[in-house]
Amino acid sequence: MPVKCSSAMLLLLASIALCSCASSTPPKGQALQFWHTFNQQESVALQAWLGKSRKRRVVTTILPFAVANIRIRSALAEGACPDLLRIDSTRIPGLVDAELIREVPTPIWHQREWLQEAQDLVRYQGAAYGIPQSLDGLALIRKRNRDILWPIPSLEELEKLSVNEGPRIGMLIDGYWALAFLRAEGVTLATSGGPPDIDSPDAVRALKRFAALFHSGVAMDVLEERSPSHAMIRAFRNDDIDIAFTGPWDLPALADGNPETLQVSAFPGAYAPRGGQVLVVPKCTQNTEEAWDLALALSSPILQADWAKTLGSIPVTKDGLAGAGTLANAFYQALVGTMPMPRHVHAPELFDDLSPAVLAVVGEDATAEEALAGVNRAWRRLYHLPPEAPE
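Residues numbered from 1 in each chain as written. Predicted model: local features only at pLDDT ≥ 70, side-chain atom pairs only at ≥ 80, totals over all residues. Heavy atoms only, no water.

A. Representation of the packing of aromatic side chains in the model. Counted under the stated rule, the structure contains seven aromatic pairs. Plain terms: the ring middles of Phe38 and Trp307 are 5.9 Å apart, the flat faces sit at 85° to each other, and that makes the pair edge-to-face. Of this pair, Phe38 sits in the loop between strand S1 (32-36) and helix H2 (40-53) while Trp307 sits in helix H13 (residues 301-311), and the two are 269 residues apart along the sequence. Ring centres of Phe245 and Phe267 lie 4.7 Å apart, and the angle between their planes is 20°; this geometry places the pair in the stacked category. Of this pair, Phe245 sits in strand S9 (residues 243-246) while Phe267 sits in the loop between strand S10 (262-265) and strand S11 (273-280); the two residues are 22 residues apart in sequence, bridging distant segments of the chain. On the basis of relative accessible area, Phe245 is assigned to the buried category, the value being 0%. Members of the aromatic cluster, joined through ring pairs, are Phe181, Phe210, Phe214, Phe245 and Phe267. (Phe/Tyr/Trp six-rings, centres within 6.5 Å; stacked < 30°, edge-to-face > 60°. Helix = DSSP H or I, 4+ residues; strand = E, 2+ residues; numbered from the N terminus. Buried < 20%, exposed > 50% of the residue type's maximum accessible area, 1.4 Å probe, protein only.)

Below, the structure is given as structure tokens:
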């Protein structure tokens, strides 16, 4: 999940994170430059795989998720060109519209039997602009021995969970998690013609429902936690909560070495978001063939199945999923039928304003009406629209 920072801080962090890589694309024959958003555990696995499987040296650079887009856009515009990028799929429309990444060659694309959900990650305006690397999204996870209604049939049933013995569910206070509640009230997040109607009565009601889970004690309080994700995992493993509402990246930690003890279910109504990570090749690279070769290697079914078991990555190919194990397949089934992330050039930036508003309402620093009115003003600026006239 991205960490929210000010624009100035994001630019500073981006410069620090990648100061060693601000050089033009290497000539043919030199090391490939691979910039990615893998987390620390994933990066260790990547380096181990590269060390034993690649004949040509690959220099990797970690892009902190919160600053990845800023750094990529500025670097590509200035000619500091990596050969391969691993990014969130929501970034593809903006990079395509800016003419910064390549369309996947047809022979490359047909070398894998992609899952439909994986194809959805990279298709934009009728073409594929990347190689899928992993699927993700949000689902409900519980231990098999917990005495709780399962699967939870509706959002109303989730809201009615008893709190006599403490909180029942762990989740993060973020716009990505609140999106499921907005969708349950009929609110969508991205349109090409203008900003979503985020301060509508439906959106206000959705944010109130999300915050009420924390205020009522159904959701565990993570406001004061230095690492809310780690706190949720700890509570789940200690049986202090029954359900974790989270993504596949947390599966290894939640399983604690015993994946057979977990069950996965879709969020009620299939309103939870579905997305994923993709591998794209910048137009400025001179190493196009080698870049696509590396991207394909990272989508190999054997590697995908291995990383599903060790890292919680959900495979993007049918063969990869077949070897991924029961838990990864259960999470994949929970994602099937859910609603994909918005596909629009402004979609990723919408969360930069929504997430602080969600936090303010849960923390009771603002009402839902006040917070969403501020989001609406910010989104109108993002779409270059004038402020709405006061009623």
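B. Local environment of the state of the cysteines. Tallied over the entire structure, the rule returns one disulfide. With a sulfur-sulfur separation of 1.9 Å, Cys81 is cross-linked through a disulfide to Cys284. Judged by the torsion about the S-S bond (90°), the Cys81/Cys284 disulfide is right-handed. Here Cys284 lies in the loop between S11 and helix H12 (288-298) and Cys81 lies in the loop between helix H3 (68-78) and strand S3 (84-88), a separation of 203 residues in the sequence. (Disulfide = S-S within 2.5 Å.)

C. Structural context of the side chain of Asp174. You can see Asp174 is positioned in the loop between strand S8 (169-170) and helix H8 (175-184). At 2.8 Å, the side chain of Asp174 and the backbone nitrogen of Tyr176 are in polar contact. (Polar contact = N/O pair within 3.5 Å; in protein donor to acceptor, adjacent residues only side chain to side chain.)

D. Looking closely at the environment of Asp352. When you line up the elements, Asp352 lands in helix H16 (residues 347-362). A C-alpha to C-alpha distance of 22 Å links Asp352 and Phe214, two positions 138 residues apart in sequence.

E. Here's a closer look at the sheet that holds S8. Strand order in the open sheet formed by four strands is S8-S9-S7-S10, and the pairing between neighbours is mixed. Edge strands, defined here as strands with exactly one partner in the open sheet, are S8 and S10. Across two bridges, the pairing between S8 and S9 is parallel. Its bridge partner being in S9, Gly170 is matched across the sheet by Ala244. Set on the sheet, helix H15 (residues 326-335) makes contact with strand S7 (139-143), S9 and S10; between it and S10 the angle comes to about 20°. (Pairing = 2+ DSSP bridges. Contact = heavy atoms within 4.5 Å. Axes fitted to C-alpha atoms, helices over the stretch in contact; angles between N-to-C directions.)

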